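Coordinates in review
The primary structure of each chain is shown beneath.
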Amino acid sequence: MHRRITGKLVIATHNPGKLAEMKELLAPYGIEAVSAGELGLDEPEETGNDFRSNAAIKAIAAARATGFPSFADDSGIVVDALDGAPGIYSARWAGPTKDFNAAMAQIERLLQERGATTPDKRRAHFVSALCVAWPDDHLEEVEARVDGTLAWPPRGTAGFGYDPMFLPDGHSRTFGEMESIEKHGLPPHGLGLSHRARAFVKLAEICLEPR
Ligand code: IMP
C-alpha cells in the first residue's frame, strides 16, 4: 500500500536550488518542507550502484535522524555510447570546482574518440530517482527519464549542469536554451519535460493529495 505524505517533510539536500524547486512543487499540497541543511544534518556517503539506491540512502538517513518523513533525489545523465557514463557520477565529473564546461568537454572528447558523430550515436538520457522514507523505514520510490541526443558545441545559458548539450527528443532547443518553467514546470504552466518533473508527477500520484 502506498503511503501519503502529510504535514512536515524533510528535504534531504544541502543544495539550495533543489530545496527551492521542491518547496515550489510541494506548496500546492500544503506540505511544509524543511531542508536537511537547515536542520544541520550530515550528508551520508552515496555508496549505491544506481540512482534509486543513492536516493534511498539519503532519504533513510534523514528520516532516521529527524523522525520525520524525508525526501531525497538522485539524478544524472546517462550516455549510451559511453556505456552509461557519467551516470551516478555526473556531479563528480565536474570536479570540486563544479566545472560543467569541462565535464561536457570530457563527454565530447570521449564521443569523438568513439566516432560518435551522428545523432543516432549520441543518444543520452537524464534520470531522476525520488525516494520518500519514513522513520519506520517505509519507502516510496519513483524514477523517470527524459531521452534526447547530445549537441556540440553546447548551446544556451539557462539551467545548470549538462543542460546546454542536451537536446530533448521532439525539440529543437537544448535544455540550456529553455526557460525553467518549460523544462521543469508541470502542466498547465510547463511541459513537464524534465526527468525531475516527470518523476515528481509519479510521486504526487501515489503520495500527495491536492489541498
Ligand atoms: P545529484 O543528483 O545532486 O547527485 O547530481 C546530479 C548531477 O547530474 C548534477 O550535478 C548535474 O550535473 C547532473 N544533472 C542532473 N539533473 C540535471 C539537469 O536537469 N540538467 C543538467 N544536469 C543535470
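In what follows, the structure referred to is the one given above.
In this report, we go over the structure that sits alongside the text. (Residues numbered from 1 in each chain as written. Predicted model: local features only at pLDDT ≥ 70, side-chain atom pairs only at ≥ 80, totals over all residues. Heavy atoms only, no water.)

1. Here's the deal with the overall build of the chain
Stated precisely, the cut-off is as follows: Per the convention used, a helix needs a DSSP run of H or I reaching at least four residues, while a strand needs a run of E reaching at least two, with both numbered from the N terminus. When a residue's accessible area, from a 1.4 Å probe over protein chains only, is under 20% of the maximum for its type it is buried; when over 50% it is exposed; and in between it is partly exposed. Only heavy atoms matter for contacts: two residues are in contact if any of them lie within 4.5 Å across the pair. Here the accessible surface of atoms and residues is derived via Shrake-Rupley with a 1.4 Å probe, and residues count as covered only by protein chains that are part of the display.
Helix and strand counts for the chain come out as five helices and six strands. When the helices and strands of the chain are placed in sequence order, the string is β-α-β-α-β-α-β-β-β-α-α. Dimensions of the chain, computed from the C-alpha atoms along their principal axes, are close to 50 × 35 × 30 Å. Burial analysis of the chain (211 residues in total) assigns 48% to the buried set. In the chain, of all internal contacts separated by at least 6 residues, the share reaching a separation of at least 24 is 57%. Element-wise, carbon and sulfur atoms account for 52% of the exposed surface of the chain, whose accessible area totals about 10,600 Å².

2. Looking at the packing of aromatic side chains
Within a pair of aromatic rings, the relevant descriptors are the distance that separates the centres and the angle that separates the planes. Quick reminder of the rule: Geometry of aromatic contacts follows a simple scheme: Phe, Tyr and Trp rings, the Trp one being its six-membered ring, pair when their centres are within 6.5 Å, and the pair is stacked under 30 degrees between planes, edge-to-face over 60, tilted otherwise. Both a distance and an angle decide whether a charge sits over a ring: NZ of Lys or CZ of Arg must be within 6 Å of the ring centre and within 35 degrees of the ring normal.
All told, the structure shown has five aromatic pairs when counted by the stated rule. Judged by centre distance (5.3 Å) and plane angle (80°), the rings of Phe-100 and Tyr-162 are edge-to-face. You can see Phe-100 sitting in helix 3 (residues 100-113) and its partner Tyr-162 sitting in the loop between strand 5 (139-150) and strand 6 (166-168), a full 62 residues away along the chain. Linked through ring pairs, Phe-126, Phe-166 and Phe-175 together constitute an aromatic cluster. Here Arg-3 stacks its cationic end above the ring of Trp-134, 5.2 Å away from the centre of that ring. We note Lys-8 situated over the ring of Phe-68; from NZ or CZ to the ring centre the distance is 4.8 Å.

3. As for the site of the ligand
To be explicit about the condition: Throughout this document, a residue counts as near a molecule or strand when at least one of its heavy atoms sits within 4 Å of that molecule or strand. We define a polar contact as two N or O atoms separated by no more than 3.5 Å, with the added condition that, inside protein, one atom must be a possible hydrogen donor and the other a possible acceptor, whereas residues neighbouring each other in sequence contribute only through side-chain atom pairs.
Near the ligand there are 15 residues, and of these Lys-18, Ser-75, Phe-100, Asp-163 and Lys-183 occur at the shortest range. Here an oxygen atom of the ligand sits 2.9 Å away from a polar atom, N or O, in the side chain of Ser-75. With respect to the ligand, the side chain of Asp-163 contributes an N or O atom lying 2.6 Å from a nitrogen atom. Breaking the shell around the ligand down by element, the ones donating at least two residues are strand 3 (70-79) and helix 5 (195-207). A total of three residues in the shell around the ligand trace back to one element, the largest contributor, which is strand 3.

4. Some remarks on helix 3
An α-helical segment advances 3.6 residues per turn. Residues three or four places apart therefore align on the same side. The test is simple: Multiplying 1.5 Å by the helix residue count minus one yields the expected span of that helix. To obtain the arc, one takes the directions from the helix axis to the C-beta atoms.
Helix length check: helix 3 (14 residues) gives 20 Å between terminal C-alpha atoms against 20 Å at 1.5 Å per residue, within 8%. Along helix 3, the positions that sit buried rather than exposed are Ala-103, Met-104, Ile-107, Glu-108, Leu-110 and Leu-111. For helix 3, the angular spread of buried residues about the axis comes to 165°, placing them on one side. Opposite the buried face of helix 3, at more than 90 degrees from it, the exposed residues are Asn-101 and Glu-113. As for helix 3, its buried residues are in contact with strand 3 and strand 5. Between the side-chain oxygen of the N-cap and the backbone nitrogen of Asn-101 there are 3.2 Å, and the N-cap of helix 3 in question is Asp-99. Of the residues flanking the end of helix 3, it is Gly-115, one or two places downstream, whose phi is positive at about 70°.

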